[in-house]
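This is what each chain is made of:
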Amino acid sequence: MATIQEATRPPHRLDDVPGWFPVLDQLLFDWLLNRQEAGGTHGDLLEVGVYMGKSAIFIGRHQQPGEKYTVCDLFEGDAPDDANRAEATKSYSALTRRVFENNYRSFHDELPRVLQGPSSVVPDEVEARSCRFVHIDASHLYEHVHDDIGAAHDLLLPDGIVVLDDFRSEHTPGVSIATWEAVLNRGLHPICLSTQKLYGTWGDPEPVQEALLAMAQERSDCHLSVQEAAGHRIVRLKSKGMAAPAFPPSKHAVAAEAPEPTPAAVSAPAPAPAPAARPARPAPRRGSRVRRVAVDLLPPVVTRAIRKARAARS
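Peer 1: Just checking my understanding: could you explain the nonpolar core for this structure?
Peer 2: The nonpolar side chains of a soluble globular protein tend to be buried, and buried together. Among the nonpolar cores identified, the biggest contains 42 residues, and Phe29, Phe100, Phe133, Cys192, Tyr199, Leu212 and Leu237 are the most heavily contacted of them. Of all the secondary structure elements, the ones that give two or more residues to this core are helix H1 (23-38), helix H2 (54-60), strand E2 (69-73), helix H4 (97-107), strand E5 (156-165), strand E6 (189-193), helix H8 (206-217) and strand E9 (232-239). Top contributing element to this core by residue count: H1, with seven residues. One finds Val48, Val126, Leu155 and Leu164 within the second-largest nonpolar core, a separate group that totals 26 residues.

Peer 1: I tried to follow the pattern of salt bridges on my own but got confused; where do I start?
Peer 2: Scanning the model with the defined rule gives eleven salt bridges in all. Between Asp15 and Lys54 there is a salt bridge; the shortest N-O distance is 3.1 Å. Here Lys54 lies in helix H2 and Asp15 lies in the segment before H1, a separation of 39 residues in the sequence. Exposure remark for Asp15: the relative accessible area of 37% places this residue in the partly exposed category. For Lys54, a relative accessible area of 5% puts it in the buried group. Between Lys251 and Asp109 there is a salt bridge; the shortest N-O distance is 3.1 Å. A residue pair is termed long-range when its members are at least 10 positions apart, and Lys251 in helix H9 (residues 251-257) and Asp109 in the loop between H4 and strand E3 (113-116) qualify at 142 residues. By sharing partners, the salt bridges in this structure join Arg9, Arg13 and Asp16 into a single network.

Peer 1: Can you help me understand the side chain of Ser225 in this one?
Peer 2: You can see Ser225 is positioned in strand E8 (residues 222-229). Dropping the residues within four chain positions of it, Ser225 is found in contact with Ile234, Val235 and Arg236.

Cut-offs used in this document
Every chain begins its residue count from 1, and numbering advances along the sequence as written. Totals for whole chains, interfaces and linings use all residues, but because this is a predicted model, local features are given only for residues with pLDDT of at least 70 and pairs of side-chain atoms are given and counted only at 80 or more. Only hydrogens and water are set aside; all other atoms, that is, all heavy atoms of the structure, feed into the side-chain values. Only buried Ala, Val, Leu, Ile, Met, Phe, Trp, Tyr and Cys residues count toward a nonpolar core, and they belong to the same one when joined by side-chain atoms within 4.5 Å. Each residue is placed in one exposure class: buried if its accessible area under a 1.4 Å probe, protein chains only, is under 20% of its type's maximum, exposed if it is over 50%, and partly exposed if it falls in between. Strands are runs of DSSP state E lasting at least two residues, helices are runs of H or I lasting at least four, and both sets are numbered from the N terminus onward. Within this document, salt bridges are pairs made up of a side-chain nitrogen of Lys or Arg and a carboxyl oxygen of Asp or Glu, the two lying within 4 Å of each other. Two residues qualify as a contact provided that any one of their heavy atoms is within 4.5 Å of a heavy atom in the partner residue.

Geometry only, nothing functional implied.
Okay, structure coming up:
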């Protein structure tokens, strides 16, 4: 999990976005959404509680043409009651809509539809029986989670999938109670459990469970166990050194890794002209002063003989 995002460095990878979205859940989101798409299922997408956008960015990659994608969060807005206000102040004080939108735009060209407010606004803003996938990760208070699950039931298509976060964390008993209450009394069928999320449907869970079991049994990086409880088959998955599904880097990473434009070639300065060669000293002409000086230095007898010989040649 990334820590508080540095304001000066936009995310380059999905893992740079702060949030709680383990590798196993990335795999399950990807597999379930891909399975819906391969099977021709069309429907809208919904996430309730986005924090800084990590899972919302991931889901957004699966938005197909003609589908609507809606996210809802309080962001820096007012909570509906004192308990929710205290929860938001304690855990999400750094969250703002601007941070979420900047993170989302780092990976996508367009934002989803953003509802800023409590999750209670969702049923009035999203069409009933329109969604194929709903992720609930908002308030941890029992009353709010109970209502969010009820909204998901009304918004999902018959075989749509709901994902409930923090259903068994020790600090979120309200989510645990609301989740298992929905399983025992409200018709929710578990598909599988990860470390922190329950995946369920109000449709028939068996086809997707069978396909999931076949997928998990072929992997060496996924621990699998199956139990029966209160008439439900409970499939539990756990990562064993699992690698995250491939996810494209952000626009900032692409820009940062692009080669810098080659600067225009700068002409090398013309070499300085070589100094003019000193003209060679001409060889002394015959009879030059040098030779005359040499002759004058000889003894008089020899000198007279040389002069006599020169006179004879001339």
